[in-house]
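Survey of secondary and tertiary structure
Here is how the chains run, residue by residue.
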Protein chains: 4
Amino acid sequence: MLNRVILIGRLTADPELRYTNNGTAVASFTLAVDRMRSNSNGERQTDFINIVVWNKLAELVSQYLQKGRMAAVDGRLQIRTYENRDGQRVRVAEVVAEGVRFLDRGEGNQSAKSASAAPPVKNNTSPAPSKQPDFGPYDDPFADDLPPGFEEDLPF
Amino acid sequence: MLNRVILIGRLTADPELRYTNNGTAVASFTLAVDRMRSNSNGERQTDFINIVVWNKLAELVSQYLQKGRMAAVDGRLQIRTYENRDGQRVRVAEVVAEGVRFLDRGEGNQSAKSASAAPPVKNNTSPAPSKQPDFGPYDDPFADDLPPGFEEDLPF
Amino acid sequence: MLNRVILIGRLTADPELRYTNNGTAVASFTLAVDRMRSNSNGERQTDFINIVVWNKLAELVSQYLQKGRMAAVDGRLQIRTYENRDGQRVRVAEVVAEGVRFLDRGEGNQSAKSASAAPPVKNNTSPAPSKQPDFGPYDDPFADDLPPGFEEDLPF
Amino acid sequence: MLNRVILIGRLTADPELRYTNNGTAVASFTLAVDRMRSNSNGERQTDFINIVVWNKLAELVSQYLQKGRMAAVDGRLQIRTYENRDGQRVRVAEVVAEGVRFLDRGEGNQSAKSASAAPPVKNNTSPAPSKQPDFGPYDDPFADDLPPGFEEDLPF
DNA sequence: TTTT
DNA sequence: TTTT
């Protein structure tokens, strides 16, 4: 069936990058998404939405996104259910991002990145890139589906 | 910020219609949204996603949708937090539907509707409608924004 | 950048399946998408939107969709510009479908399919399938990105 | 039916604000939306997509957006058909924006605004605002649908 | 006709 | 648990 979610918001913290037993990269972060409520005037509401990213995109995200930065996420809503330590069934909603677009350049809390308490999941041996990557972080995940000479030989 | 969700799925049960203290109608139901997992071949995964609908649309939904029927939902993802009876903070994710489109006619479990254990929230005094309403259930919520004579006097 | 379009509508005609010089399958059809206009009451407006589909999905679409059938399309909006026979530059808007979901079963004009004047692009040697394919037509194009044992070894 | 489009791109020029005979404000602009093509490596493709905005939002857009600025648009795809001066039937695709979010602050070509050749459609008598409006430009168009005391009296 |  |  159809399941699509598009969000724009700011990271509440640096992304966390981990690896599954199979060595698959998976990053997670929370997006603060504001919404307007016109009735109770001025009242600002925020949804804190958990995002999960896999594979190559996970590594890009953990390299280029930090706390406070704005991002657009295109993905699908997923409800995961698991048993917690008390044996209770817990439902977790998260958006599995299929595309992520970085929307501002370093206006976020730059220092927050190095403040991360987590083990050095990020590849600090290579110096931090000084600018956005040339290959856009939002590699159209469908692009591979396009035939080599798209415009040239459209049969109509 | 931007927050948009589009889903197609089937109702796991009849919608529940309630009213707030202010007399505002609010309906809720769960949508079973299948997804394909190409790796573990044939494995079918389903996300059960809670939907909330307000006002006039809530009443339409509770009138025309039943368990098993297919629907498209256009809305936004909302994370609600509350304390449960054990004093624990619980996060609930739900999609607030701004538009709902009914996608099949009565192929769902028709009798399930009357099996609802809830108090008679539905208006059973008026006989059930035998066909779809003429006014589409998916009233474009933005349509009011359009000026009266749209095409006629476009200034370009 | 972000570019996403989600539509539900009905096919105005059978899809046309062609092949590029490279042998890539490409199907095209038009979706009639109704919209409500609440002001000029009752007035029904329809947008006729051209859809393009590539590769395996193109063949699925041309096999299972016909004139009159309802479908959901998930894709991106593309503006193509070309010179017509009069040397005029023409802009064409079309939605490149990345996912297509078939929303009703054969209630459309079944016979219209065989009325297609095009060369036999459809595989008529194999008998027409009597039911929906078991593999859903809306193969999540991202599913391959998911790691083999998703739930089992999530590192959080 | 369902018709939703979400775009992120940059304005190719200042928005043009006009008024219908009825005095309804309508703004239009073009969004340059890049896309990646992974096959023909490095090749950058751009779709130039026309956006139309009505009413209050039209005036906000013409006040706060200029050439080069980045914006997110949430709306629907509309196909308008008209006869041109040569009597030819022309199809125009445009996205009717229901929500617009301004995504960067003044990094675009600021001076371009005053370079507009159009008659003074913008209210130049009041000095240009030095910062974003406090009321977000992306007023959720559905917000009015929410009941006054949403969270307080949810009946479940 | 086009934006970074 | 939270971002500007």
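You'll find the structure just up there.
Cut-offs applied
- Residues numbered from 1 in each chain as written.
- Chains lettered and ligands numbered in written order.
- Predicted model: local features only at pLDDT ≥ 70, side-chain atom pairs only at ≥ 80, totals over all residues.
- Heavy atoms only, no water.
- Helix = DSSP H or I, 4+ residues; strand = E, 2+ residues; numbered from the N terminus.
- Buried < 20%, exposed > 50% of the residue type's maximum accessible area, 1.4 Å probe, protein only.
- Contact = heavy atoms within 4.5 Å.
- Areas by Shrake-Rupley, 256 points an atom, 1.4 Å probe, with all protein chains shown as cover.
- Buried area = accessible area lost by both parts, 1.4 Å probe.
- Salt bridge = Lys/Arg side-chain N within 4 Å of Asp/Glu carboxyl O.
- Polar contact = N/O pair within 3.5 Å; in protein donor to acceptor, adjacent residues only side chain to side chain.
- Nonpolar A, V, L, I, M, F, W, Y, C, P; charged D, E, K, R; others polar.
- Pairing = 2+ DSSP bridges.
- Near = heavy atom within 4 Å.
- Least-squares fit on C-alpha atoms with pLDDT ≥ 70 in both.
- Phe/Tyr/Trp six-rings, centres within 6.5 Å; stacked < 30°, edge-to-face > 60°.

Before going further, it helps to examine the overall build of chain A. The number of helices and strands found in chain A is two helices and six strands. Counting only residues that meet the buried cut, chain A has 54% of its 156 residues in that class. Put simply, of all contacts in chain A between residues at least 6 apart along the chain, 64% involve residues at least 24 apart. In the structure as shown, chain A presents an accessible area of about 7100 Å², 48% of it carried by carbon and sulfur atoms.

The next thing to look at is the interface of chain D and chain C. Contact residues are listed per partner, giving 25 residues for chain D and 25 residues for chain C. For the pairing of chain D and chain C, the buried interface totals around 2400 Å² over both sides, and the portion due to carbon and sulfur atoms is 55%. When the buried area of chain D at its contact with chain C is split by residue, Met-1, Leu-2 and Leu-77 of chain D rank highest and sum to 27% of it. Counting across the interface, chain D meets chain C through zero salt bridges. At the boundary of chain D with chain C, the tally comes to 14 residue pairs in polar contact (both at pLDDT 80 or more). Looking at the side of chain D that touches chain C, the elements that each hand over two or more residues are β1 (3–11), β3 (25–36), β4 (44–54), β5 (70–83) and β6 (89–102) of chain D. Here the side of chain D that touches chain C takes seven residues from β1 of chain D, the largest share from any one element. Of the residues in the side of chain D that touches chain C, the class split is 14 nonpolar, five polar and six charged. The pairing of strand β1 (residues 3–11) of chain C with β1 of chain D spans five bridges and is classified as antiparallel. Of the residues in β1 of chain D, the one forming a bridge with Ile-6 of chain C is Arg-4 of chain D.

We now examine the pattern of salt bridges. Under the definition given, this model contains 40 salt bridges over all chains. One salt bridge in this structure joins Arg-76 of chain D and Glu-98 of chain D, with 3.4 Å as the shortest N-O distance. With a gap of 22 residues between them, Arg-76 of chain D in strand β5 and Glu-98 of chain D in strand β6 connect regions that are remote in the sequence. Where salt bridges share partners, they join Arg-4, Asp-74, Arg-76 and Glu-98 of chain A together with Arg-4, Asp-74, Arg-76 and Glu-98 of chain C into one cluster.

One non-glycine residue, Asn-55 of chain C, lies in positive phi territory at about 60 degrees. One can find Asn-55 of chain C in helix α1 (residues 55–64).

The environment of DNA strand E is formed by Arg-89 and Arg-91 of chain C together with Arg-10, Leu-11, Thr-12, Thr-30, Ala-32, Asp-34, Thr-46, Phe-48, Lys-67 and Gly-68 of chain D. Of all DNA strand E atoms lying within 4 Å of any protein atom, the proportion belonging to sugar or phosphate reaches 44%. One nitrogen or oxygen atom from the side chain of Arg-91 of chain C is found 3.3 Å from a base oxygen belonging to DNA strand E. Within the contact set of DNA strand E, a sugar or linking oxygen lies 3.4 Å away from a side-chain nitrogen or oxygen of Arg-10 of chain D. Those elements that place two or more of their residues in the surface near DNA strand E are β6 (89–102) of chain C together with β1, β3 and β4 of chain D. It is β3 of chain D that provides the largest number of residues to the surface near DNA strand E, a total of three residues. Of the residues belonging to the surface near DNA strand E, the class tally is three nonpolar, four polar and five charged.

With an axial shift of 0.0 Å and an RMSD of 0.0 Å, the rotation relating chain D to chain C amounts to 180 degrees. What we have between these two chains is a two-fold relation. Relative to the rotation axis, the closest C-alpha in chain D is found at Val-5 of chain D, a distance of 2.2 Å. Counting the interface residues of chain D, we find that 100% of their copies in chain C are interface residues as well, pointing to one common contact surface.

This part is about the packing of aromatic side chains. Residue and element names in this part refer to chain B. Applying the stated criterion to the full structure yields four aromatic pairs over all chains. Centre to centre, the rings of Tyr-64 and Phe-102 are 6.1 Å apart; their planes meet at 35 degrees, and the pair counts as tilted. Note that Tyr-64 is positioned in helix α1 (residues 55–64) and Phe-102 in strand β6 (residues 89–102), a separation of 38 residues in sequence. The residues Tyr-64 and Phe-102 share a single accessibility class, namely buried.

The next point concerns the protein's contact with DNA strand F. What surrounds DNA strand F is the set Arg-10, Leu-11, Thr-12, Thr-30, Ala-32, Asp-34, Thr-46, Phe-48, Lys-67 and Gly-68 of chain A together with Arg-89 and Arg-91 of chain B. Within the side chain of Thr-46 of chain A, an N or O atom sits 3.0 Å from a base oxygen of DNA strand F. Within the side chain of Arg-91 of chain B, a nitrogen or oxygen atom sits 3.3 Å from a base oxygen of DNA strand F. No other element matches strand β3 (residues 25–36) of chain A, which puts three residues into the surface near DNA strand F. Tallied by class, residues from the surface near DNA strand F come to three nonpolar, four polar and five charged.

So, on to the environment of Ala-13 of chain C. All names here are of chain C. Among the secondary structure elements, Ala-13 is positioned in the loop between β1 and β2 (16–19). Residues Ala-13 and Arg-35, 22 residues apart in the sequence, show an inter-C-alpha distance of 20 Å. In this view, Ala-13 contacts Gln-66 and Lys-67; residues no more than four positions away in its chain are not counted.

In this section: the environment of Val-26 of chain B. All names here are of chain B. Here Val-26 lies in strand β3 (residues 25–36). The class for Val-26 is buried, based on a relative accessible area of 0%. Along the sequence, Val-26 and Met-70 sit 44 residues apart, while their C-alpha atoms lie 20 Å from each other.

Residue and element names in this part refer to chain D. Tracing the backbone through its elements, the reader meets Val-73 in strand β5. A relative accessible area of 1% means that Val-73 is categorised as buried. In this structure, the C-alpha to C-alpha distance between Val-73 and Leu-31, residues 42 residues apart in sequence, is 9.2 Å. Sequence-distant contacts of Val-73, that is, excluding residues within four places in its chain, are made with Val-5, Ile-6, Leu-7, Phe-29, Leu-31, Ile-51, Val-95, Ala-97, Gly-99 and Val-100.

Once that is clear, we can look at the pairing of strand β4 (residues 44–54) of chain B. Residue and element names in this part refer to chain B. With eleven bridges joining them, β3 and β4 adopt antiparallel strand pairing. The partner of Met-36 across the bridge, within β4, is Arg-44. Bridge count between β4 and β6: three bridges; the pairing is parallel. Each residue of the ladder has a partner; that of Val-53, found in β6, is Ala-97.

These figures come from the coordinates and say nothing about function on their own.
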